Amino acid sequence: MTAIYRIIIVVFWLGLSIGQNAFSAPVEKLFDQGNQSFLKGDYKNAALNFEEILQEHHLKSPELYFNLGNCYFKMTDYPNAILNYERSLKLSSGDEDVLFNLNLANKKIEDQIVAIPELFYYRWFRGLYSMFDAGFWAVLTLILWSITVALGFVFVLGSTSTLKKAGFYGAIFSLLMSIGVFALSWASHRASYLQNEAIVFAGSVSVKSAPTETSTGLFLLHAGSKVKISDQIDTWVKIRTADGNEGWILLSDVEVI
Amino acid sequence: MKKLHLYISFLALFSSLLLGAQEIKFSGTVSKTKVSVGERFQLSYSINTNASTFNGPDLSAFDVYTGPNQTFTTNYVNGQLTQSLTYYYHLSARKPGKISIGAARINVGGRTLQSNTLELEVSNASQPANQGQHKQGNTTGAASNGQGNNLFIRAHISKSTAFLGEPVTVIYKVYNRYPMVNFSDVKIPSFNGFYTEEIALDKNGKGVSETVGGIQYTTLEIKRTLLIPQKTGKLEIPTLDASFIVRERVAPQSIFDQILGGSYRDTEVKVKSIPLSIEVLPLPLAGKPTDFTGGVGQFSFDVSSSTTKLKAGDAFNLNLKIQGKGNIKLIDPPKINVPSEIELYDPQIKDAAQVSSGGMSGSKSFDYLMIPQAGGTYEIGPFQFTYFDPQKKSYQTISSAAIRLEVEKSAGEQPASNRSGSATGTKVIASDIRYNKTLVKAYTPLNEQGFLFSMGYFVWALLPLLAFIGLLLYKRYQQNRFANRSLYKTRDAGHLARKRLQRAHELKSSGNNDAFYEEIFKALYGYLGDKFQIAVANLSRDVIRQKLTEHQTDTELQNKLFKVLDTCEMARYAPSAVQGMHEVYHDTTEVITGLEKR
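These remarks concern the structure in this document.

Calculation criteria
- Counting of residues starts from 1 at the beginning of each chain's written sequence and follows it residue by residue.
- All chains are assigned letters beginning with A, and all ligands numbers beginning with 1, in the order in which they are written.
- Totals for whole chains, interfaces and linings use every residue, but because this is a predicted model, local features are given only for residues with pLDDT of at least 70 and side-chain atom pairs only at 80 or more, for both listing and counting.
- Processing note: side-chain calculations cover all non-hydrogen atoms of the structure and skip hydrogens and water entirely.
- Salt bridge, as applied in this entry: a Lys or Arg side-chain nitrogen positioned within 4 Å of an Asp or Glu carboxyl oxygen.
- Labels follow the DSSP assignment, with helices taken as runs of H or I lasting at least four residues and strands as runs of E lasting at least two, numbered in each case from the N terminus.
- For this analysis, residues touch if any pair of their heavy atoms sits within 4.5 Å.
- Once two parts are put together, the accessible area they lose, assessed with a 1.4 Å probe and summed over both, is termed the buried area.
- Under the rule applied, a polar contact is a pair of N or O atoms within 3.5 Å (in protein, one hydrogen donor and one hydrogen acceptor; residues adjacent in sequence only if both atoms are side-chain atoms).
- The span you would expect from a helix comes to 1.5 Å times its residue count less one.
- At least two DSSP bridges between two strands are needed for those strands to be called paired.
- Axis lines are fitted through C-alpha atoms, for helices just across the contact stretch, and the angle between N-to-C directions can take any value from 0 to 180 degrees.
- As defined here, a cavity is a set of points on a 1 Å grid over the protein atoms alone where a 1.4 Å probe fits but cannot get out. A pocket is an open set with protein on both sides within 12 Å along at least five of seven lines, and residues line them when an atom is within 4 Å of a point.
- Grid points are joined across faces, edges and corners, and a volume is the space filled by probe spheres set on the points.
- Residues were grouped as follows: Ala, Val, Leu, Ile, Met, Phe, Trp, Tyr, Cys and Pro as nonpolar; Asp, Glu, Lys and Arg as charged; and all remaining residues, including Gly, as polar.
- A domain assignment, automatic or from a database, supplies the domain bounds used here.
- Each patch is assembled from residues with relative accessible area greater than 30% and no salt bridge, linking like charges that lie within 9 Å and nonpolar side chains (Val, Leu, Ile, Met, Phe, Trp, Tyr) that lie within 5 Å.
- Per-residue accessibility takes into account occlusion by the displayed protein chains alone, with areas from the Shrake-Rupley method and a 1.4 Å probe.
- Here the term buried applies to any residue with accessible area under 20% of the maximum for its type, exposed to any over 50%, and partly exposed to those in between, with areas from a 1.4 Å probe on protein chains only.
- Any Phe, Tyr or Trp ring, taking Trp's six-membered ring, that has another such ring centre within 6.5 Å forms a pair; planes under 30 degrees apart are called stacked, those over 60 apart edge-to-face, and the others tilted.
- Only when the NZ of Lys or the CZ of Arg is both within 6 Å of the ring centre and within 35 degrees of the ring normal is a charge said to sit over the ring.
- In this scheme, roughly parallel covers angles under 35 degrees and roughly antiparallel covers those over 145, while 65 to 115 is roughly perpendicular and the rest are oblique.
- What makes a crossing left-handed is the near helix being turned counterclockwise from the far one by less than a right angle; a clockwise turn instead makes it right-handed.

This model, assessed by the stated rule, comprises 23 salt bridges over all chains. A salt bridge links Glu96(A) to Arg434(B), with the nearest nitrogen and oxygen atoms 3.9 Å apart. Of this pair, Glu96(A) sits in helix H6 (residues 96–108) while Arg434(B) sits in the loop between strand E33 (403–408) and strand E34 (444–445), each in a different chain. The partner of Arg503(B) in a salt bridge is Glu519(B), with the nearest N and O atoms 3.6 Å apart. You can see Arg503(B) sitting in helix H3 (residues 455–510) and its partner Glu519(B) sitting in helix H4 (residues 513–532), a full 16 residues away along the chain. Overlapping salt bridges, with partners in common, bring together Asp95(A), Glu96(A), Asp97(A), Arg434(B) and Lys437(B) in one network.

We now examine the interface of chain B and chain A. Contact with chain B, which involves 32 residues of that partner, is made by 49 residues of chain A. The junction of chain B with chain A conceals about 4100 Å² of combined surface from both sides, 67% of it contributed by carbon and sulfur atoms. Here chain B and chain A share 5 salt bridges between them. In this structure, Lys74(A) and Asp432(B) form a salt bridge, with 3.0 Å as the shortest nitrogen-oxygen distance. At the junction of chain B and chain A, the tally comes to 16 residue pairs in polar contact (both at pLDDT 80 or more). Among the secondary structure elements, those contributing two or more residues to the side of chain B that touches chain A are E34 and H3 of chain B. Tallying contributions element by element places H3(B) first for the side of chain B that touches chain A, with 10 residues.

Residues and elements named next belong to chain A. With 13 residues, H6 ought to run about 18 Å at 1.5 Å a step, and its terminal C-alpha atoms sit 19 Å apart, in line with that. Buried residues along H6 sit in contact with helix H4 (62–74) and helix H5 (78–91). Regarding H6, its N-cap is Asp95, as a side-chain oxygen of that residue lies 3.0 Å from the backbone nitrogen of Asp97 further along.

What follows concerns the sheet that holds strand E5 (residues 62–77) of chain B. Where strands meet in a sheet, backbone hydrogen bonds hold them as pairs that are either parallel or antiparallel. Residues and elements named next belong to chain B. An order of E1-E3-E6-E5 is seen for the 4 strands of this open sheet, with the pairing classed as antiparallel. Two strands close off the open sheet at either side, each with one partner strand: strand E1 (26–30) and E5. For this sheet, the mean inter-axis angle between neighbouring strands, taken without regard to orientation, is 20 degrees. When strand E3 (residues 40–47) meets strand E6 (residues 80–93), the two strands line up antiparallel, connected through 8 bridges. Within E6, the position partnered with Gln42 by the bridge is His90.

Residues and elements named next belong to chain A. This structure, assessed with the given rule, holds 3 cavities of 30 Å³ or more. The calculated volume of the largest cavity comes to roughly 50 Å³. Leu89, Lys90, Leu91, Ser92, Ser93, Tyr129, Phe132, Asp133, Ala134, Ser188, Ala191 and Ser192 together form the lining of the largest cavity. Class assignment for the residues of the lining of the largest cavity results in 6 nonpolar, 4 polar and 2 charged. Each of domain 1 (2–108) and domain 2 (120–193) accounts for three or more of the residues forming the lining of the largest cavity.

This next bit is on a nonpolar patch on the surface. Residue and element names in this part refer to chain A. Together, Phe155, Val156, Leu157, Phe168, Tyr169, Ile172, Leu175, Leu176 and Ile179 make up an exposed nonpolar region whose accessible area comes to about 800 Å². Where the nonpolar patch is concerned, the elements lending two or more residues are helix H8 (134–157) and helix H9 (161–193). Per element, the largest residue contribution to the nonpolar patch is 6 residues, and it comes from H9. Checked against the element boundaries, Phe155 lands in helix H8. Since its relative accessible area comes to 34%, Phe155 is described here as partly exposed.

Turning next to the packing of aromatic side chains. Centre-to-centre distance and the angle between the planes together describe a pair of aromatic rings. Within this structure, the stated rule accounts for 37 aromatic pairs over all chains. With a centroid separation of 5.2 Å and 70 degrees between ring planes, the pair formed by Phe516(B) and Tyr517(B) is classed as edge-to-face. Each member of the pair, Phe516(B) together with Tyr517(B), is buried. Directly above the aromatic system of Phe100(A) lies the positively charged group of Arg434(B), at a separation of 4.1 Å from the ring centroid. Over the ring of Phe66(A) we find Lys437(B); its NZ or CZ atom is 5.2 Å from the centre of that ring.

So, about unusual backbone geometry. Even without being a glycine, Asp234(A) presents a positive backbone phi close to 55 degrees. The phi dihedral of Phe453(B) is positive, around 65 degrees, even though this residue is not glycine. Take Phe453(B): it is sitting in the loop between E34 and H3.

Our next topic: the packing of helix H2 (residues 25–40) of chain A against helix H3 (residues 43–57) of chain A. A pair of packed helices is characterised by two quantities: the angle between their axes and the separation of those axes. Residue and element names in this part refer to chain A. For the pair H2 and H3, interaxial distance at closest approach is 7 Å and the crossing angle is 160 degrees. Considered as vectors, H2 and H3 are oriented roughly antiparallel to each other. Handedness of the crossing formed by H2 with H3: left-handed. Along the contact surface, H2 presents Pro26, Val27, Leu30, Phe31, Gln33, Gly34, Asn35, Ser37 and Phe38, while H3 presents Tyr43, Asn45, Ala46, Asn49, Phe50, Glu52, Ile53 and His57. Grouping the amino acids of the contact of H2 with H3 by side-chain chemistry returns 9 nonpolar, 7 polar and 1 charged.

Okay, structure coming up:
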């Protein structure tokens, strides 16, 4: 299935953007070098190799972020490990290995925030759209949309009433399906591409009640904690922790996932 | 003088009258007006008549040992009856200073009488008289009172240095030279840092003579305790405080005293032992076995099993018994290892240890309940018990013999791999991150924004719509063209027919019979086909008749048409039998123009 829709995506992309060619040999070489360094225990060099793919070649992949996270984990730089695991998850939500390591890394940091449980229907919805990545859902939406239009065509130009009926109901059904899949596609897109989450990098930061240095400190956050960004004023961002606390901190204290 | 005599006699008379009327006196006294803190004294209130409802004074500043007690005495002297009711307390003051005791009240025949108030001077606890000489030995300590070391308490400890967990006995002894001594109060010390067990004193503990520093004393043990140190370092053996009532002979004060053999005075004497300490040594770390469970002393070790032959699933008891001398009550269960096929439960612990001045001795037994899960022969043990011997100053390990257990298979026993006991899942030893991915499925540009809402997405979303509209338009065009052609055909049917007739007319002039009829026939069929929009192949005479009737063509015209058609067909098969071409041409024109008029 993935192969098929990847092919579809490739076809779609080829039709529109030029130069989206497959990754080049130097990138593959860097990736292998990184893994070899990691195996030898030279986590620093491994991290440098993986970072080079990001910085110099401007390419990303869930596997790359995962390996980079592992390097930082081994160097006990847990905030960076968490950041990279989270970035990996953004590209391939629900990857078991990434979730496992992220869970381990989260146990190493100071703040052990207990998340407010999500409502069950939101959990189901998320479980559904996490089954495939955003590209798959987008393509599926288009396919269903095309089917809807085709069935509409059958309805309009059908020569017999049975054909018209089939076209009409088929088109309605297909339209509803495509609306549903579009919702999943949108949610998946937001989860993958919306940069509204961040990891705290400052060792210990006092979260303020207002975007000023002089306002009251509400609570403390420590390096490695994940926050949701909901607003920004100048250099300040409004954040929300998983347990529902809100406040303002400097953008420089966090790294956006 | 006379006057004075008179006065005296009057007074005497008056007083005798008063006495006759029984003058009532209610007064309070204390046995001592100067006491030290904690020293006992007596407070008494006397009234020389019978009375009721005694209300004592406020004694909140004192410790009340007894009281109010009451005594009532009646004397008959010289024909005179004297009664005396006394209420008394035994008290001791709590704080030094001047204390006044308020008035007590009593009810006599409906009248309430008040006693006098009393003043008391309380000095500090340790009277100078009680601070005698201090004697300190290695293992004994005593504090004596001022009466020339006549009464003191000593604490004896069996050893001044002990290992952690090694039992030590402490004995408190009273040394006395007074003829009569009574305890009035003993404060039991509390031992910190020790596990303690009281040792029973001899019930009929008579005094034993003992010589200290050349002076003979009568000694009496008042407390014996077994101490097991629980902490290392210098641990204090606390002092024991006791007060005694001592009867002392006092110099005769009157002739009667001398006759009666002198008088005595009871005094309270407070004594305390001086504090001692024990140096508690930690158990040596070097060579400390891992299976050491806290036993310090001399022990023996015995292991027995309730049975050696049983069925799988049946329970049996393994008994580990430790016997000997030492801190036997404080020994933890020894660690035991049994094959995994045998289910092991926590042990039941029983101890039977006695304490005596020689220390603690007895036994402690651990009963382990075990259930073999599978048949077979098992060897359990050898079991080991490790303790510390403070005399040898080293750890000792005793091993028992191994026990051989023959377990019969139970009826419904399943193969080992299917037993629930072995299905415990993976045992996690440590947690580490999952290893790197070795293959990248696909890279995407770092600034990739996703396919949804991208240009391509919208293009691909619009494409089907555009295709739909395009197809719709094409279809419409096609339809239009078809519709126009039919209309044109109907409209131009007559025109085409006329063209055909014109050709037929030319053929008639040139005398080409066959071609003429052919042309007339075609002109008529073509015209009818176009007119009624029916393919020429489908034109039969029936269809034509039906269509003409639908068009309400009059029968004369129909007949003419069929006549012409008949003539044309006949001319094609038998050219000689047909009438003149001119007439056919004429009729044909007439039919077409007739139909065209409609």
